[in-house]
Every structure is written in C-alpha cells, then in structure tokens.
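Fold and contact review
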Amino acid sequence: MTATIERGSATAPVNTPASKKTPTPKKQGGFLTSSNGKKVVMAVTGAVMVSFLVLHMLGNLKIFFGRESFNEYAHWLRTLLEPFVPYRTVLTILEIGLVVSVVLHMWAAISLSRRAGKARPVKYVAKKSQANGYATHIMRWGGVTIALFVIWHLLDLTFGVVNPAGYNSSPADRMIDGFDPSRWWVTLVYVVAVVMVGLHLRHGVWSAFQTLGWANKDRNKALRATAGLLSIVLVLGFLVPPLAITFGVVK
Amino acid sequence: MKYTEGPEIRDTKAPSGPIEDRWEKRKFSAKLVNPANKRKLNVIVVGTGLAGGSAAATLGELGYNVKSFCYQDSPRRAHSIAAQGGINAAKNYRGDGDSIYRLFYDTVKGGDFRARESNVYRLAQVSVNIIDQAVAQGVPFAREYGGLLDTRSFGGAQVSRTFYARGQTGQQLLLGAYQALERQVAAGTVEMHTRHEMLDLIVSDGRARGIIVRDMVTGEIERHLADAVVLATGGYGNVFFLSTNAKGCNTTAIWRAHERGAYFANPCYTQIHPTCIPVSGEYQSKLTLMSESLRNDGRVWVPLRKNDDRAPGDIPEDERDYYLERIYPSFGNLVPRDIASRAAKNVCDEGRGVGPGGLGVYLDFRDAINRLGRDAVEKKYGNLFEMYERITGENPYDVPMRIYPAVHYTMGGLWVDYDLQSTIPGLFVIGEANFSDHGANRLGASALMQGLADGYFVLPTTIGDYLANGPYGDVDEEAVAEAEIKVRTKIDRLLAVNGTRTPDSFHRELGKLMWDYCGMERTEESLRKALERIPELREEFWQNVKVSGTAEELNQVLEKAGRVADFFDLAELMCLDALVRTESCGGHFRAESQDADGEALRDDENFAHVSAWEYSPDGPILHKEPLEYEYVKMTQRSYK
Amino acid sequence: MNLTLRVWRQSGPTDKGRMVTYKVEDVSPDMSFLEMLDVLNEKLILEGDDPIAFDHDCREGICGMCGMVINGVAHGEQRATTTCQLHMRHFEDGAEITIEPWRAAPFPVVKDLVVDRSAFDRIIQAGGFVSVPAGSAPDAHSVPVRKEDADAAFDAATCIGCGACVAACPNGSASLFTAAKITHLSLLPQGQPERLSRAKAMVDQMDAEGFGGCTNTGECTAVCPKGIPLDTIARMNSDYLKANAK
C-alpha cells in the first residue's frame, strides 16, 4: 500500500500540531501606543514639569527680598508681553501646557503600570529586589502622593480656598499666612511632599535621559550626578522659604 | 560480541585529481536545482548547533522548504554554544607562514593519519570563508587596536590561526547561525520545531524520507516527511555519563539512523580533554571544561613524591614535577590534547595526583602572574578564573587550579562520503555527528570550523546534487507506520517496566564502566570485561528501570530513559570497535600498542582504515574504508 | 546540610499550581543547585512521585536554558551566576529555600519550573540579525572595526537569552534582552544598514508579545548572569526614537 503524498507538501498530515498563534506587532497605532513611545511621553512631559519647577522655585525665593518683590514677580507673570497680548495670556498658555503635561504624564504612567500588571498576572510568593527597589517603590506611589499634594497645594496657595488669607489676598500674604508657625502641620506636609518630589526626580530625571537615549557608559556617572544635584537644589530651594516663614525668619 | 566482516568501502565519491581542485571540481559537477523547484523540495534538519543551525539557515536562504528540529526550548541553546577557545582558519592574516596546505597538513597529522585527505583539504579551504561569513553576520571576534581581527595560537599549533571572541567563541558563532536561522523562520522558509526529539528515521524505498519525533511538551508522536534528511545532532560523549557535553546531548538520533542502515564509523575515537575541573563527588552531574588556552600560560605539575598531601604553596620548586615540560621539552604544556590527558592519567596512576581521590593535577599561574602581572593575567583569563572559582570555591590567583581530563568530543560518528551523505541515500550527516574530518584526534578550535564548514558551505552544495537527481517518488505509508509503531512500542516498553532503579542510576553505572574500561587507556582485558558487563547491565535496565509519569506529558524521566537505552547499544559497539583496533592512534590508546617511552604506537599496516560498522540484528558487520595518503607522509607523531 | 525546599508545582499549563514543601538531607556544599534538585528528583521517582520538571542543558552557564527564581531572586542571590553554576556552599544549613518559575505572561508555565520562552525567538525573528546569506560575505578584513566598538558589541552579545531580566523586572519587561541584541549589532559597521528598522521591529515585537515597559529600575542588570549593562537600553531607545522620527 502506498499513500499518495504529493511531492512538495510531503509532510504527512498526521498529528501536526495546530500552529501556535504568533503575536504580531499592531500594524498602526504608532509611536504613542508603544511602550517606548509612552516612556518618551513621560520623559518629555517630565522635562516640562521640571522646567516649571525650576522657575517656580526661583520665584519662591523672591520672598526673601520682601513681600513687594514677591508680589511684583507674581504680577509680572500675569502681565508678560502686555500690551501685545491681553492680561494673563502667557501665563494661561504656560498653565495649559503644564496641565497637558501633567495629564499626559499620568496617562502614560497609568497605562504603563497597567501594562506591567498584565505582564505579570501571577505574582511571586517571594520577591527580593536586587537593585534596592528604590525606583520600583518611589516612582508609582511617589507619583500618586505628589498628585494628591498638588491638589492641596493649588487649593491652598493658588486659589486660597484652604488658606487663612483667603482668595482675595496677595500671593505673598497667602504664602506667609499659609506657613504661619500656628499651621506647622501644613509646613510638615509640604516638607514631606517636596522631599517626595526630590526622590521622584532623582530617578525620574536620570530615567528620562535613559529613555531619550542619552545615557551611555561614559556619561552615566555625569547624568546620575546631574539628576541627583537637580533634585537636591530643587528640594532645598523649595524648602527654604516655607521653613524660613514657619521659623519666623521671614515675616 | 560477535561481528562479521563485510566488503571494503572503495568509493567515497571524492573527485580525483590534484587535491586543491577537488572541491571546485565537485561543486561544478553537482547538479543544480531550478530555483522554482527549490521551494517544492522539503529538507528536514535535526539539531540546531553550528552545523544544523547554519545548514537550515543556508538551505532556507537557497529557497528550500526546511523543517528544523531541536530538543531544547530554543535553537540558540545547542551545545556548540559552550565552545570556548576559538575557530581555526587558514587566513594567514599574521603572515606567519600559515596556508591552506599547512592547516590541512596539521589536521591530518593531528588526527594521527586516520582522516581522509580530500575531506580535510576541503575543510581547510572552506575555513577562510567561514570567518568572512561570521564577520559579516556581526560576530564580535576579538580585534586589535588597528581594527583588524586578532588571532592566537591554540592547541599546539605553531601558527596563529585561531580566531576567537574572548572565551565564548562558540556562543558568538552559534548566535550568528541562530540569527540567520531565525531570519529564515521569519521569511517563512524554515519551520522551527523546538522541544521535539527525533526518535526514528523513516526509510522508504531505500531512501531517507522523514523522521518520527516526539513533541516533548504534549508527548504526541509526529511524522514529518521530506525529500532529504540532515542529521546534525552532535556527539555521543555522554555515553560516559560524565562529560563536558550538555546534559541533553545523546546518541538517539544517529543510533536509530544506524539501526535503519547508516554505517557507524570509528565509534571508539573519543577525545578526552586535559583541562577540566575534577569531579567533586558522587552526585556530580557533568564536568566543566576550562579552555585549553589556559595552557598557554599555566604550567602543569604534580608533586614529585607520592601521596604528598602538603598544600601546593608549601611544596618547594625542586619537589615539583612539571611533567609535560620534562617529557616534551619542545611543546611543553602545549602538547596535543590526547597526549596531555594521558600524561595526567599516568602521573595520577603513579599516586602523585592531587585533590579529592588523587584525581587531579595542578595548573599553576604563579609564574605567569609574576611574569606578566596579575592584571594582564586577569585580562586574558579573568572569566575562566571566575568560572573556576564559582565551581570549586577556590581562587586560582592564589591557589593553583586543579584539573583532570574529561570526555569532551567524539571523533567517531555516522559514516559519510565526500558529499556528507551516509550509507542511506538522502540521509546527510554533518558536524560532530559524522566522523569525517578529524581522524583519531581533533585539534583544538577545529570543531567549530568543521561544523560551520559543513553547514554553511559543503552540505548546501552536495544536498542540491542529491535533490536535483530526484524526484524520488511517494513515501511508502507502511514504512512510516512501521517507524511510528516502533517508536510507540519502545516508549510503552519503558513505561511498563516499573522497576526500582532510575534511568540516571543506570546511566551513571554505564558511564563509569565505559570510563574505566574504554576510557583514556584501553586493553583487551578491559574491553572484554566491558563487553561482558554491558549486556548484563542492559538486561537489568530493561527489567528494572523505573520511569514515572506517562507518555502524554512533559516527562523528563521518559526522555532520559530512551536515551540511556540507546547508549547501551552504542557503548557495546564502541568497545567492540576499540577491541578490534589493536593499535593506538590519537584518542584511542591501546595499552598493548605503545613504544618504549609509553607513546601511542600506530599500526599503519593493519589499521590505516576507517572502521565503518553496519547494523545487523545478528551482530555488527565491519566494512573497512582504506585510507590512502598521497600528500602527507605518514609518520609517527612526536611532540618531544 | 539539610534543607527545606518550597517548590512551585504545576502539572501543566491549565493547572492552577501550588507551592509544595520538600525536605532534602545530606546536601554537600560542593553540589550545584541543580545537582541538589537531581538528588531530590531521584528520590521522588523511586517513591512514584512526579519529579520536579526544570529546564537545564549545558550546566556551565552559557546555554541559557536553566533559570528559576530562588528566594525571590532570579538565578539566586549569587551575582553574575546562572542557576546551574550556583553552588550549595552559598546556603546555610537548615535554610528554607523558595523556588519559583520565571513569572511573566509572555512566558507561560509549561510544567513546574519550565516556562515557554519562545517569545524571545520571535523578537530575534523580527530583526535581530544582519541579512547576509551564506557565501556572500566580503573578506573579513575589508572592514576594520574599532577595538572599543568590537569589545562593547561583544559585551552586549554575551546575552544568553535566559530570561532572568524579564523574571526580575517589576514590569515584566524584556527590554534588557532586546536591547542587548540591538546594541550588539548597532555598534558594528556590519549592523548599520538595518540599524533603525531592526530597532523598530524588535521593540514593536517585544510589545506585541505582551512584555511590560521599562522603568529603568535596574533589577534586570542586577540579576543578569552576564552583567549586560543598563545603558544598552538607552541605546535601544535612541535607535527606536530615530527610527520613529524618520
């Protein structure tokens, strides 16, 4: 008995296992849906926020030159490029940019975190970090903490809703009243949050360098140092004014 | 064990004429397959090491429809990956007097005049193309500051022809072949079957037409048919249980092909590598090789006195015996592998061995560290030193390494002709699985060369000639069914025994027996003892083996049992081959055949031939293939 | 030494799986971790139990086949060491050792400690090669390569594809594996023509397989038996960005 097996497809049809589905990359969806694309979004939006923080910090330090100087600076921000553009135009544009950055940063973070969750459906019984677990613990929970703080911070010092000086006050009044020694706990929350921001940036800034592909063996030390230094400067710059107020150095 | 002698093999299909022109001549005479027909032709390649991986990739590139099989979870795991030292090529980039002819000469001589001249010459010719191919693929060979490739002298060669990638040359070359293979998988020309083990060859109408495999995850028995079958399943060193081979390496594919009619050539030629980390205990599961390159700077010694249990550092210079330097003043620590191994065995037999059980010799870097500085030594051998420390817990910068010979490579394998075709038409055998190029002893850095020469350059040409001469008609369904039933029966039999000993315990016992009786030194007495003992042990195996689990699942015990069963049959043939070959040559040392200094003594009058064994249920049939040397004059090897 | 092992047992892909405790006695400190499991398995077979399935092959730290999470660390706490090269002298007598398989959705468990890593092969298929058919190569010396580049390429190319990076990553990302291959080929002149398309294809395939994204935690490189550095990922990112900017 000879089976007729056609030359060409000589494989006998017996027991050939069903070919497993091979995942193929999505045809379109593009850069922003890729995990790397989302990381780039995080890096770029992070850079926007860091730039904002630097300016914000420099502004805050004006409090040491007196209430007038601080209020003038706040006013200047709102009247930038006037009369070429109406009142608060530039600041609004900057604020929109900032809000968009925050939203995108959070969107990318949540989406990457969900992706990570899906990538490990069964957790380990025992898991021990070998890279001291810093980033793992600081970044996501740190991010959530910072987001909550920013809400409080806006209600307190921007809108004055929870500020003793109220909304119709000058920025300097809100700042100095807000960190009054009697409200020491506000200062404490602020200190904790700023330190958290510092820790977030220590990894985040370096991580952005890595994501944007700038890190390499020769530069790594310098980039890590840059990230660390930037974080320290920001933490100190943000902590000095409120502490000075709470301890009565600035009145 | 009874055997009979059959007719001599006279034609190996090597072209005649000047040796430099033979391969050219063969390539030109090979028929070509029309490109449009290539994709209608199916080729099965079993094994994905340097030979199998490069062959499957190249056949895919040529347009054939290829099916590739490996027992590992990925083709990248094949044991070629563990080769450390390097790959020889007659590039003569150093201008140090190397040439194709010299590589050819060294290989024939190194093989102790038991390899075919035509094959070896072709190997040397093709060697230069391999380096070009690998570099183009992005294999990161070591380079000099000028950007050109670095080479080193290796394994006793007096020219610098060994290209290397730190101590991981095999890995880098294999990844090159693996990547080429995956490229073809993506292109659709190669269909990859991982975690599949070949369990039989389908021979229809006298031709190899397919294989029976077991899906190691589901246990399903599958049939795969083709127009030609290529075996690239590596060596059988694991017959000794302890060897430098990967745990999964086995003889099943080639042995079952042998049972289907492929001759097995020179099974007794086994290479024992001199620089391995010694055994530390009964539970030992494998031996780890330390690259031979260590012998470039390390000095081998043992204490002068017997049973000297002082720490090595306490033994003064004049109480050390640097025995390789003493016995072989011109080659010293760089004598070929077989010689270095036997010398180590001899000093240990004298009771001068070091470490647990006295089975070890020192490989000392003290002088090298003093001469070159610790940094230079670390730069050269750092990763090897780390590996040694990881395994033994001893730091070789402070304490000399302990080394001992271990089974490393098998020069024997399925008999093939010049076209790498076995005695079953349509069955091609490449790489370590065949016997062709190394004679009785393989030189260092030549295994990678042979595997890639076969896979990238030789087989793709010669198999084309075979396929162009087709078509070979339909496959006999009965032959397929018979092979499948045979496989299923064997599996059922193994599961049915349900005895009291594990497959590993049998394997360990067989291995010890082979090491003691058919290892570095063989005598008529030891071999007869082995030939008596092996059938008894095999009998016990089939009466008393315990295989847990079922056939329809991932069952590593069942896999192991099947492999051990075949090792028994192979071991018997190895001992018989060793018994019949009463001379010493290369890796085969018969104590009865040595000169006054204890060196291997060949008997060219009676044994200048390949022993090709044909399988027969009534006992093996020996076919001799006479070896003729037109270019290299047969001399007694001397490394003194 | 006497040890208590807690081992993940799962009879097949559909089984739920559980941790099972085993006592092993008389363990020699010179044994490798896998030899210790061999000894346990021999006992299990004779008792008629199913031995613990685990992948292994070369047992010299180069094939990349073995791998288990030991006490919460991929390949165990010994740095730059595969499971097969890990020796029992690094454990205390009486220790309890937890052994789990690599955990990642793209690495489904096949049985016990055996997982399916074919996703790695498919990432290579997407572009982890130089397209150069056999026989078409120019002389090896026709293109000199800076020694520094060749050495750096080699460092990246030493990846053994074991998957420890994925197992250790809190995001289950395969970035280190993918980046190692991209870096190896992108540092060499031979890899230039396909450099950007390669990066794009491989990264997209990595996503398609369901691996997580990289958050630069460095867990991967800490457990990598070959010490593949984290800056390979920066290089991958850079190539990927350039590929997308095109």
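Since the structure is predicted, the reported quantities are computational estimates derived from the model, not experimental observations.

Let us look at the nonpolar core. B:I87, B:F141, B:L231, B:L427, B:M514 and B:F541 are the most contacted members of the largest nonpolar core, which has 275 residues in total. A total of 16 residues in this core trace back to one element, the largest contributor, which is helix 16 (residues 556–580) of chain B. Setting aside residues no more than four positions away along its own chain, B:M514 makes contact with B:V239, B:F240, B:G519, B:I534, B:A571, B:M574 and B:C575. With 28 residues, the next largest nonpolar core counts C:V24, C:L44, C:I70 and C:L86 among its residues.

The next thing to look at is a nonpolar patch on the surface. Residue and element names in this part refer to chain A. On the surface, W141, V144, L148, V150, I151, L154, L155, F159, V161, V162 and Y167 cluster together into a nonpolar patch covering about 1100 Å² of accessible area. With respect to the helices and strands, V144 occurs in helix 4 (residues 134–158). A residue is classified by how much of its surface remains accessible, and V144, at 41% relative accessible area, is partly exposed.

Summarising burial for helix 7 (residues 252–259) of chain B: 8 of the 8 residues are buried, a large majority. Just past helix 7 of chain B, the residue B:G261 takes up positive phi, approximately 125°.

Residues and elements named next belong to chain B. Locating Q184 in the fold gives a position in helix 6 (residues 169–187). Of note is the side chain of Q184, whose polar atom sits 2.8 Å from the side chain of T189. Apart from the residues lying within four places of it in its own chain, the contact partners of Q184 are A57, G60, E61, T189 and V190.

Once that is clear, we can look at the domain arrangement of chain B. All names here are of chain B. According to the domain assignment, chain B consists of domain 1 (273–408) and domain 2 (477–604). Distance from the C-alpha centre of domain 1 to the C-alpha centre of domain 2: 30 Å. Each partner contributes to the interface: domain 1 provides 13 residues, whereas domain 2 provides 10 residues. For the pair domain 1 and domain 2, the two sides together bury roughly 870 Å², of which 55% comes from carbon and sulfur. Contact with domain 2 buries area across many residues of domain 1, yet D338, R342 and K345 alone supply 51% of it, more than any other trio. Inspection of the domain 1/domain 2 interface yields 1 salt bridge. Residues R342 and E599 are paired through a salt bridge, measuring 3.8 Å at the closest nitrogen-oxygen approach. Along the contact surface separating domain 1 from domain 2 lie 3 residue pairs in polar contact (both at pLDDT 80 or more). Going through the elements one at a time, helix 9 (337–349) and strand 17 (401–410) are the ones with two or more residues in the side of domain 1 that touches domain 2. Broken down by element, the side of domain 1 that touches domain 2 gets its largest block of residues, 5 residues, from helix 9. Taken together, the residues of the side of domain 1 that touches domain 2 sort by class into 6 nonpolar, 3 polar and 4 charged.

All right, on to the packing of helix 3 (residues 50–62) of chain B against helix 6 of chain B then. Axes are the key here: two packed helices are described by the angle between their axes and the distance separating the axes. Residues and elements named next belong to chain B. The contact between helix 3 and helix 6 brings their axes to 8 Å, and the two run at 35°. The chirality of how helix 3 crosses helix 6 is left-handed. Residues L50, G53, S54, A56, A57, G60 and E61 of helix 3 form the contact with helix 6, whose own contacting residues are L173, L174, A177, A180, L181, R183 and Q184.

Next up on the list: helix 9 of chain B. Residue and element names in this part refer to chain B. Taking 1.5 Å per residue as the helical rise, helix 9 with its 13 residues ought to reach 18 Å, and the 18 Å between its terminal C-alpha atoms agrees with that figure. Helix 9 sits mainly inside the fold: 11 of its 13 residues count as buried. Listing the buried residues of helix 9 in full gives R337, D338, I339, A340, S341, R342, A343, A344, K345, V347 and C348. Its buried side turned inward, helix 9 meets strand 13 (270–276), strand 14 (299–303), helix 8 (323–327), strand 16 (361–364) and strand 17. Downstream of helix 9 by a residue or two, G351 has a phi angle that is positive, lying close to 90°.

With respect to the helices and strands, B:Y456 occurs in helix 12 (residues 447–468). In sequence terms B:Y456 and B:T251 are 205 residues apart; their C-alpha atoms lie 23 Å from each other. When neighbours within four sequence positions are excluded, B:Y456 is seen to be in contact with B:S54, B:T58, B:Q133, B:Q137, B:G176, B:A177 and C:A134. Within the structure, the side chain of B:Y456 is placed 2.7 Å from the side chain of B:Q137, a separation counted as a polar contact.

Here we come to the UniProt feature "domain: FAD-dependent oxidoreductase 2 FAD-binding" (unreviewed entry) in chain B. Mapped onto this numbering, the UniProt entry annotates "domain: FAD-dependent oxidoreductase 2 FAD-binding" (unreviewed entry) at residues 43–448 of chain B. Secondary structure across residues 43–448 of chain B divides into 29% helix and 20% strand, with the first and last C-alpha atoms of the span separated by 23 Å.

It is worth spelling out the sheet that holds strand 5 (residues 151–152) of chain B at this point. Residues and elements named next belong to chain B. Taking strand neighbours across the sheet as the criterion, the 3 strands line up as 4-6-5 in an open arrangement whose pairing is antiparallel. Looking at strand neighbours, the two that pair on one side only are strand 4 (87–88) and strand 5, the edges of this open sheet. Pairing between strand 5 and strand 6 (residues 162–163): 2 bridges, direction antiparallel. Paired with T151 across the bridge in strand 6 is F163.

Residue and element names in this part refer to chain B. The 5 strands are arranged 13-17-16-14-15 in an open sheet whose pairing can be described as antiparallel. Whereas interior strands pair on both sides, the edge strands pair on one side only; in this sheet they are strand 13 and strand 15 (320–321). Inspection of the sheet shows strand 13 paired to strand 17 by 5 bridges, in the antiparallel sense. Across the sheet, C276 pairs through a bridge with Y404, a residue of strand 17.

Residues and elements named next belong to chain B. In the structure shown here, the tally under the stated rule is 87 salt bridges over all chains. In this structure, R209 and D227 form a salt bridge, with 3.8 Å as the shortest nitrogen-oxygen distance. Of the two residues, R209 sits in strand 9 (residues 207–215) while D227 sits in the loop between strand 10 (221–225) and strand 11 (228–231), which places them 18 residues apart along the sequence. Accessibility classification places R209 together with D227 in one group, the buried group. Each of the salt bridges in this network shares a partner with another, and the network as a whole consists of D112, R114, R581, E583, R602 and D604.

With that out of the way, let us pick up the pairing of strand 8 (residues 196–204) of chain B. Residues and elements named next belong to chain B. Across the 9 residues that make up strand 8, a large majority, 8, are buried. Pairing of strand 8 with strand 9, which is carried by 8 bridges, proceeds in the antiparallel orientation. Bridging across to strand 9, I202 finds its partner in G210. Between the antiparallel neighbours strand 8 and strand 9 lie 2 residues, among them D205 with a positive phi of about 60°.

Following A:E82, the chain continues to A:P83 via a peptide bond in cis, the omega torsion being 5°. Mapped onto the secondary structure, A:P83 falls in the loop between helix 2 (67–79) and helix 3 (89–119). Note the cis peptide between B:G470 and B:P471, where omega equals 0°. Backbone geometry at B:L420 places phi at a positive 70°, although glycine is not the residue there. Residue classification places B:L420 among the buried residues on the basis of a relative accessible area of 0%. The phi dihedral of C:R59 is positive, around 55°, even though this residue is not glycine. Note that C:R59 resides in the loop between helix 1 (33–46) and strand 3 (69–70).

What counts, and where the lines are drawn
- Residues numbered from 1 in each chain as written.
- Chains lettered and ligands numbered in written order.
- Predicted model: local features only at pLDDT ≥ 70, side-chain atom pairs only at ≥ 80, totals over all residues.
- Heavy atoms only, no water.
- Core = buried A, V, L, I, M, F, W, Y, C linked by side-chain atoms within 4.5 Å.
- Buried < 20%, exposed > 50% of the residue type's maximum accessible area, 1.4 Å probe, protein only.
- Helix = DSSP H or I, 4+ residues; strand = E, 2+ residues; numbered from the N terminus.
- Contact = heavy atoms within 4.5 Å.
- Patch = residues over 30% accessible without salt bridge, like charges linked within 9 Å, V, L, I, M, F, W, Y side chains within 5 Å.
- Areas by Shrake-Rupley, 256 points an atom, 1.4 Å probe, with all protein chains shown as cover.
- Salt bridge = Lys/Arg side-chain N within 4 Å of Asp/Glu carboxyl O.
- Polar contact = N/O pair within 3.5 Å; in protein donor to acceptor, adjacent residues only side chain to side chain.
- Domains from an automatic or database assignment.
- Buried area = accessible area lost by both parts, 1.4 Å probe.
- Nonpolar A, V, L, I, M, F, W, Y, C, P; charged D, E, K, R; others polar.
- Axes fitted to C-alpha atoms, helices over the stretch in contact; angles between N-to-C directions.
- Left-handed = near helix turned anticlockwise from the far one by under 90°.
- Expected span 1.5 Å × (residues − 1).
- UniProt positions renumbered as here; feature names shortened; annotations may be inferred.
- Pairing = 2+ DSSP bridges.

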